[in-house]
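As a plain string of letters, each chain reads:
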Amino acid sequence: MSQNPDVIVIGGGVIGLAIADALARQGVSVTLLERGNCGREASWAGAGIVQSGSWHRRDPLVQMQRESVRLYESFAADLRERTGIDPEYIRCGSLEVLLEDQHYRMARSEVKVAAAFEQDYGRKVLELLTPQQTQASEPALTHDLLGAKCCPMTGQVRNPRLLQGLCAACRRGGVEIVENCGVERLRIQNDRVTGVQTPQGLRSAAQVILAAGCWSSLLDERLAKVMPVLPVRGQIALLKMPTVVLQHVIERGRTYLVPRRDGHVVVGATQEPEAGFDKSVTAGGIGGLLGLATRLVPGLAPAVLVQTWAGLRPGTPDGRPYIGAVPGLTGLMAATGHFRSGLTLTPLTARIVADLILRGQTAHDISRCLPGRELENRLAASAGV
Ligand SMILES: Cc1cc2nc3c(=O)[nH]c(=O)nc-3n(C[C@H](O)[C@H](O)[C@H](O)COP(=O)(O)OP(=O)(O)OC[C@H]3O[C@@H](n4cnc5c(N)ncnc54)[C@H](O)[C@@H]3O)c2cc1C
């Protein structure tokens, strides 16, 4: 075991693994410490939708999502080539079902805004479908709708396979992955993080990367002030049909159906910050998801309910991740708090963090994702700014 790698990554979710892989490929010696087994928390629990945010929004986080979506195809292909494990990224497109006039009007205005991006992408990025066009695209959908918002850029990835691929790539690239090795606390000397304390002893490194998902801010009381991360439970159900009934990701509010190519359909997800760190699955949670799924796609009623589970998204007070140096703790970099978009944002986050570690800067605008903004916001509020 290398006792003094260049970098220690805390957390073996999709974010920690992708960063470890990106750094190792550039010759950095990396140790990744995972409390349990890699890829068994939010990154495994997620539905695997890869998508840009609303075309109405122009903030840096949405820019980052769009950028990461653009990277996905080559990110997944490269992983497949290096490891032989196919994360099955496919650009299946999505249909957001429109059931009320108000949503239809909002969709129409978003389609107008999105038209400005067509030249950039060389294709339509958003379309408003009539009920007939919706039926032609997805015959299994309910007929009781006003239309659908179609986003052809939306994709999906089999996240458990993505995680297997990233683990394999890390191991091949020389990353030391230590499972069942939870970091108990950061080792801090004169406001510099010089390593971490684990049950197996002290580990030192010049740079520590905090990618511990919703547990990230529990490692030191200062973190809770400058970059609070909060668990947001999401429950999911997995259905199986004998044949493939849907082609697109189907969305309705926060509920979605993700059809896999083998007849499985993932139905997600609840959003329950009040559940804290409790990963229980509830009758109300799953019942609500299945009720809406069978209303949208009546043909799903005979589907077999294969499995249910819940995962904890790493949420932040403003919904944006923390990416970058942690103020007041030299040698510590955050890559966490990706909330509902961590699988989407993985390729870009890994690229940005590798840039920051190797070159001290990144070409991407992370100004609104920097740790420390919570404290600044609180100070500004108390000063009445
Ligand atoms: C139900 C649900 C549906 C979702 N759907 C989507 C989707 O469709 N598309 C999308 O883009 N995103 C989705 N997400 C969000 C996405 O899954 C997360 O944003 C992403 O997985 C976060 O990755 P992570 O690596 O930061 O966290 P995690 O996957 O939670 O990994 C953190 C790791 O750190 C480890 N750890 C914690 N504390 C310590 C410690 N002290 N020492 C060592 N290791 C530690 C944990 O054991 C864990 O393995 C969904 C999430 C959920 C729950």
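Residues numbered from 1 in each chain as written. Predicted model: local features only at pLDDT ≥ 70, side-chain atom pairs only at ≥ 80, totals over all residues. Heavy atoms only, no water.

**A short note on the sheet that holds strand E10 (residues 192-198)**
(1) Moving on: Here we have 3 strands laid out as an open sheet, ordered E9-E10-E11, and antiparallel in their pairing. Strand pairing shows two members of the sheet lacking a second neighbour, strand E9 (185-189) and strand E11 (201-204), which therefore form its edges. Strand-to-strand twist of the sheet, defined as the mean angle between neighbouring strand axes without regard to direction, takes the value 35°.
(2) Moving on: Direction of pairing for E10 relative to E11: antiparallel, over a ladder of 4 bridges. Of the residues in E11, the one forming a bridge with Val196 is Arg203. (Pairing = 2+ DSSP bridges. Helix = DSSP H or I, 4+ residues; strand = E, 2+ residues; numbered from the N terminus. Axes fitted to C-alpha atoms, helices over the stretch in contact; angles between N-to-C directions.)

**Notes on the nonpolar core**
(1) Moving on: Formed by 62 residues in total, the largest nonpolar core has its most connected members in Leu17, Leu162 and Ile209.
(2) Moving on: Of the residues forming this core, the biggest block, 9 residues, is contributed by helix H1 (residues 14-24).
(3) Moving on: Each of domain 1 (7-49 + 160-229 + 318-382) and domain 3 (231-315) contributes no fewer than three residues to this core.
(4) Moving on: Those residues in contact with Ile209 that lie beyond four places of it in its chain are Val7, Ile8, Val9, Ile10, Ile19, Leu23, Met333, Ala335, Val353 and Ile357.
(5) Moving on: Grouped together as the second largest cluster of nonpolar side chains are 24 residues, Leu141, Leu145, Ala148 and Ile250 included. (Core = buried A, V, L, I, M, F, W, Y, C linked by side-chain atoms within 4.5 Å. Buried < 20%, exposed > 50% of the residue type's maximum accessible area, 1.4 Å probe, protein only. Domains from an automatic or database assignment. Contact = heavy atoms within 4.5 Å.)

**Description of the layout of surface pockets**
(1) Moving on: Considering only enclosed or pocket space, the second largest pocket measures out at about 320 Å³ in volume.
(2) Moving on: Surrounding the second largest pocket, 16 residues form its lining, Ala22, Arg25, Phe75, Pro347 and Arg351 being those nearest its centre.
(3) Moving on: Contributing elements (two or more residues each) for the lining of the second largest pocket: H1, helix H3 (60-83) and helix H10 (342-359).
(4) Moving on: For the lining of the second largest pocket, the element with the highest residue contribution is H10, accounting for 6 residues.
(5) Moving on: The residue makeup of the lining of the second largest pocket, split by class, is 7 nonpolar, 2 polar and 7 charged. (1 Å grid on protein atoms, 1.4 Å probe; cavity = no way out; pocket = protein on both sides within 12 Å on 5 of 7 lines; lining within 4 Å. Points joined across faces, edges and corners; volume = space filled by probe spheres on them. Nonpolar A, V, L, I, M, F, W, Y, C, P; charged D, E, K, R; others polar.)

**Let's talk about the pattern of salt bridges**
Note on pairing: side chains with opposite charge can pair once their charged atoms come close.
(1) Moving on: Overall, the coordinates contain 21 salt bridges when judged by the stated rule.
(2) Moving on: A salt bridge links Asp120 to Arg70, with the nearest nitrogen and oxygen atoms 3.2 Å apart. Of the two residues, Asp120 is situated in helix H5 (residues 118-121) and Arg70 in helix H3; the sequence distance between them amounts to 50 residues.
(3) Moving on: Looking at Asp120, the relative accessible area reads 51%, which means it is exposed.
(4) Moving on: A salt bridge links Asp355 to Arg359; the nearest nitrogen and oxygen atoms lie 3.1 Å apart. In this pair, Asp355 and Arg359 both sit in helix H10, 4 residues apart, roughly one turn of the helix.
(5) Moving on: One network of salt bridges, with partners in common, ties together Asp21, Arg25, Asp78 and Arg82. (Salt bridge = Lys/Arg side-chain N within 4 Å of Asp/Glu carboxyl O.)

**Quick notes on the site of the ligand**
(1) Moving on: The ligand sits among 37 residues. The nearest are Glu34, Ser43, Ile49, Phe339 and Thr344.
(2) Moving on: Side-chain polar atom of Ser43 to an oxygen atom of the ligand: 2.5 Å apart, as the coordinates give it.
(3) Moving on: A distance of 3.1 Å separates an oxygen atom of the ligand from a polar backbone atom of Gly342.
(4) Moving on: Relative to its unbound accessible surface of 1000 Å², the ligand loses 97% to contact with the protein.
(5) Moving on: Counting only elements with at least two residues in the shell around the ligand, the list comes to H1, helix H2 (42-45), strand E13 (230-240), strand E17 (304-315) and H10. (Near = heavy atom within 4 Å. Polar contact = N/O pair within 3.5 Å; in protein donor to acceptor, adjacent residues only side chain to side chain. Areas by Shrake-Rupley, 256 points an atom, 1.4 Å probe, with all protein chains shown as cover.)

**Some details on the domain arrangement of the protein chain**
Note: interface size is frequently given as the accessible area lost on complex formation between the parts.
(1) Moving on: What the domain assignment lists for the protein chain is domain 1 (7-49 + 160-229 + 318-382), domain 2 (94-152) and domain 3 (231-315).
(2) Moving on: Spacing between the C-alpha centres of domain 1 and domain 2 amounts to 37 Å.

**Some points on unusual backbone geometry**
(1) Moving on: Geometrically, the link from Gly268 to Ala269 is a cis peptide bond, its omega value of -25° lying close to zero.
(2) Moving on: Examined against the element boundaries, Ala269 turns out to sit in the loop between strand E16 (264-268) and helix H9 (283-296).
(3) Moving on: Unusually for a residue other than glycine, Asn180 sits at a positive phi of about 55°.
(4) Moving on: Checked against the element boundaries, Asn180 lands in the loop between strand E8 (176-178) and E9.
(5) Moving on: You will see that Asp191, though not glycine, has its phi angle at about 60°, which is positive.
(6) Moving on: Relative to the helices and strands, Asp191 resides in the loop between E9 and E10.

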